[in-house]
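Summary of structural features
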Amino acid sequence: MEIEMQGLMQHWPLTVDKILDHAARVHGDAEVVTRRLGGDIHRISYAALHDRAKQVSAALMAQGIRPGDRVATLAWNGERHMECWYGTMGIGAVLHTINPRLHADQIVWIANHAADRVLVLDACFVPLIESIRDRLPIEHYVIIADRDAMPANDLGALCYEDWIAGRDTGTPWGGFDENAACGLCYTSGTTGNPKGVLYSHRSNVLHAMMALGRDVLNIGRNDVVMPVVPMFHANAWGMAFVCPAAGARMVMPGAQLDGASIYELLDSERVTMTAAVPTVWIGLLHHLREHGLCLPWLKRVVIGGAALPEAILRAFEDDYGIEVIHGWGMTELSPMGTLGGLMPALADADRDIQVRQKLKQGIPPFGVELKIVDEDGEELPADGNSPGRLKARGFAVAGGYLDGDGGDVLDADGWFDTGDVATIDNHGAMQITDRAKDVIKSGGEWISSIDIENAVLSHAGVANAAAIGVPHPKWDERPLLIVQAEPGARPADHELRDLLEGRIARWWMPDEIVFIDAIPLGPTGKVNKLKLRELHREGKLRAPLN
Ligand code: ADP
């Protein structure tokens, strides 16, 4: 439609380089603190990080990297990863974060698919990359290490510090269209090949602004934020953009993500806000309990990527006075989709009702539209009781995958199918019942594996749990519950069934409960149900305990 009357505001393209410019100018002294691979703690200000990111830009340009070229990283959260991030995006090149937990063949696949030209990697990943180097398209390797700690390698790699040393700190940034590609992140591809989600500058800037909101991440300049969620897991859920935009101090945990290491940093750096998948918090809570510790500085924990178990919510909030924010999202949503919390109508409701509500995946912030549909694509009512396919629309929602993989992913009205099954209640809160591919369908009806898992996880002797559908001659599928016990614990079958009784419909009760030493986790730290189904098919999941 032709514009009848043009607005008269400035043209100020929404490009992410402006975020770090802002941090350096306005919050120049705020620090980014990193636990490096050797365990030492390193501190740098946003102002100095900004200069070094500019040097990365100069180094990339000297290697012939041009706008649109892909620069890959294989690295834990750290300040030099941030420098590469902005140094690449600032000149219009595309930063491709590779998840090091992927299988080597998958790394080969995505690096070729993305046509990565440069790879910047942590020193600990040198053996992995050496083993696949002949199959990679990479022209230049750079190893994140100090000069005196540079590992021997046959990659012909440069030392990061040599790469940027003496380079211009005034390399110009920006000056391109805000719709230019900015970042690339592959979904883990539990079915079929991974697919590349290609973020734009505009989508990332708008997502960061959205995430700053009071009912979203609520991050300000007085916060100390530790993204435990890796930068390769959907942009550390936006935090590498949100923190410098807000001027928040950042604490980067590097490679050590166990309970003791996380605790140490949360405590010594007086972290006020942190975020990760549930498995990380299971480890931290275990450590706190075992050593009788508390976290007086920590105010908020964002838990997402997989459903929040009630036991974790109650432990943080009731035992330690730390607010839990449950988040749902996906790589394709940049990643934030909803945040758990209470609408004003429930402010005075009793605690059990509030807990039930907070366990829901929550409310979409402005910029995300959600709806649920039935098998014919008809919208279902928001009555909290009608599960359907969850669809999303918004300024930071994928409109397609790199190279058109997966075909046309939007429906006629521009909605993206999330692959999740969910309900939406009369408060607007969304609740995931399952991933469509993990749904347990018994007698034609859906059973929510998440509800079963959450009930069982409230047992002190249960470290982790997963419910999967297994074939059944009469009912199609029946739920099988797989439990990983806490070390030394042996929860009895009837104790687990008692926990389920009353919390789930009777016909959802798992037919069988089996124990496993360690529930397999996928590359983003979530339960790998594909693997569990495989183990079941191979008859490796028998051995009921009692
Ligand atoms: P991956 O497939 O690599 O795990 P994502 O991180 O993009 O990639 O995963 C997104 C999916 O994770 C969602 O579609 C949903 O199924 C699941 N998920 C994310 N957050 C939650 C949550 N809070 N509760 C339940 N499921 C979640």
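Residues numbered from 1 in each chain as written. Predicted model: local features only at pLDDT ≥ 70, side-chain atom pairs only at ≥ 80, totals over all residues. Heavy atoms only, no water.

Overview of the sheet that holds strand S19 (residues 430-435)
The four strands lie next to each other as S16-S17-S18-S19, forming an open sheet whose pairing is antiparallel. Across the chains shown, the open sheet's two edge strands, defined by having one partner strand only, are strand S16 (368-373) and S19. The average undirected angle you get between the axes of adjacent strands in this sheet is 50°. With five bridges joining them, strand S18 (residues 416-424) and S19 adopt antiparallel strand pairing. Across the sheet, Ile424 pairs through a bridge with Met430, a residue of S19. (Pairing = 2+ DSSP bridges. Helix = DSSP H or I, 4+ residues; strand = E, 2+ residues; numbered from the N terminus. Axes fitted to C-alpha atoms, helices over the stretch in contact; angles between N-to-C directions.)

A short note on the side chain of His233
Along the polypeptide, His233 turns up in the loop between strand S10 (224-227) and helix H8 (239-246). Assessed through its relative accessible area of 8%, His233 is described here as buried. Once you skip the residues sitting within four places of it in the chain, His233 turns out to touch Val277, Thr524 and Lys526. (Buried < 20%, exposed > 50% of the residue type's maximum accessible area, 1.4 Å probe, protein only. Contact = heavy atoms within 4.5 Å.)

Details of the packing of helix H10 (residues 278-291) against helix H11 (residues 310-320)
Two measures define how a pair of helices packs: the angle their axes make with one another and the distance between the axes. Contact geometry for H10 and H11: axes closest at 10 Å, N-to-C directions at 40°. Comparing the axis directions of H10 and H11 gives the class oblique. Of the two possible hands of crossing, H10 and H11 adopt the one that is left-handed. Of H11, the residues touching H10 (which contributes Pro278, Trp281, Ile282, Leu284, Leu285, Leu288 and Arg289) are Ile312, Ala315, Phe316 and Tyr320. Its residues assigned to classes, the contact of H10 with H11 shows ten nonpolar, no polar and one charged. (Parallel < 35°, antiparallel > 145°, perpendicular 65-115°, else oblique. Left-handed = near helix turned anticlockwise from the far one by under 90°. Nonpolar A, V, L, I, M, F, W, Y, C, P; charged D, E, K, R; others polar.)

Observations regarding H11
Listing the buried residues of H11 in full gives Glu310, Ile312, Leu313, Ala315, Phe316, Glu317 and Tyr320. The inward-facing, buried residues of H11 contact H10, strand S13 (300-304), strand S14 (323-329), helix H12 (351-359) and helix H13 (449-456). Count one or two residues on from H11 and you reach Gly321, which has phi positive near 65°.

Remarks on the packing of aromatic side chains
Counting across every chain of the model gives seven aromatic pairs. When the ring of Trp85 is compared with that of Phe241, the centres are 5.5 Å apart and the planes differ by 55°; the resulting orientation is tilted. In this pair, Trp85 sits in helix H3 (residues 79-90) while Phe241 sits in helix H8, placing the two residues 156 residues apart along the sequence. Summarising the burial analysis for this pair, Trp85 and Phe241 share the class buried. (Phe/Tyr/Trp six-rings, centres within 6.5 Å; stacked < 30°, edge-to-face > 60°.)

A look at the state of the cysteines
Under the counting rule described, the total for this entry stands at zero disulfides. Cys185 supplies the cysteine sulfur nearest to Cys182, a cysteine that is in no disulfide, at a spacing of 12 Å. Look at Cys182 and you get buried, because its relative accessible area is 0%. (Disulfide = S-S within 2.5 Å.)

Digging into the pairing of strand S6 (residues 140-144)
S6 sits mainly inside the fold: four of its five residues count as buried. With five bridges joining them, strand S5 (residues 116-122) and S6 adopt parallel strand pairing. Considered in S6, the bridge of Leu121 is made with Ile143. A crossover links S5 with its parallel partner S6, the connecting element being helix H5 (residues 126-132), and its sense is right-handed. (Right-handed = clockwise from strand over helix to strand, strands pointing away.)

A short note on the domain arrangement of the chain
By a frequent convention, interface size equals the accessible area lost on bringing the separate parts together. Parsing the chain into structural domains produces domain 1 (11-21 + 41-201 + 230-244) and domain 2 (438-537). Computed from C-alpha atoms alone, the centre-to-centre distance between domain 1 and domain 2 is 39 Å. Residue-level contacts link six residues of domain 1 with five residues of domain 2. Carbon and sulfur atoms supply 63% of the area that domain 1 and domain 2 bury against each other, a total of about 490 Å² over both sides. Our count for the domain 1 to domain 2 interface comes out at zero salt bridges. Summed over the shared surface of domain 1 and domain 2, the number is two residue pairs in polar contact (both at pLDDT 80 or more). Broken down by class, the residue content of the side of domain 1 that touches domain 2 amounts to one nonpolar, four polar and one charged. (Domains from an automatic or database assignment. Buried area = accessible area lost by both parts, 1.4 Å probe. Salt bridge = Lys/Arg side-chain N within 4 Å of Asp/Glu carboxyl O. Polar contact = N/O pair within 3.5 Å; in protein donor to acceptor, adjacent residues only side chain to side chain.)

A word on helix H1 (residues 17-26)
Restricting attention to buried positions, one finds in H1 the residues Asp17, Ile19, Leu20, Ala23 and Ala24. Seen from one end, H1 has its buried residues packed into an arc of 160°, which puts them on one side. In H1, the exposed positions that point more than 90 degrees away from the buried face belong to Arg25 and Val26. Buried residues in H1 make contact with helix H2 (46-62), H3, helix H7 (201-211) and H8. (Arc of directions from axis to C-beta.)

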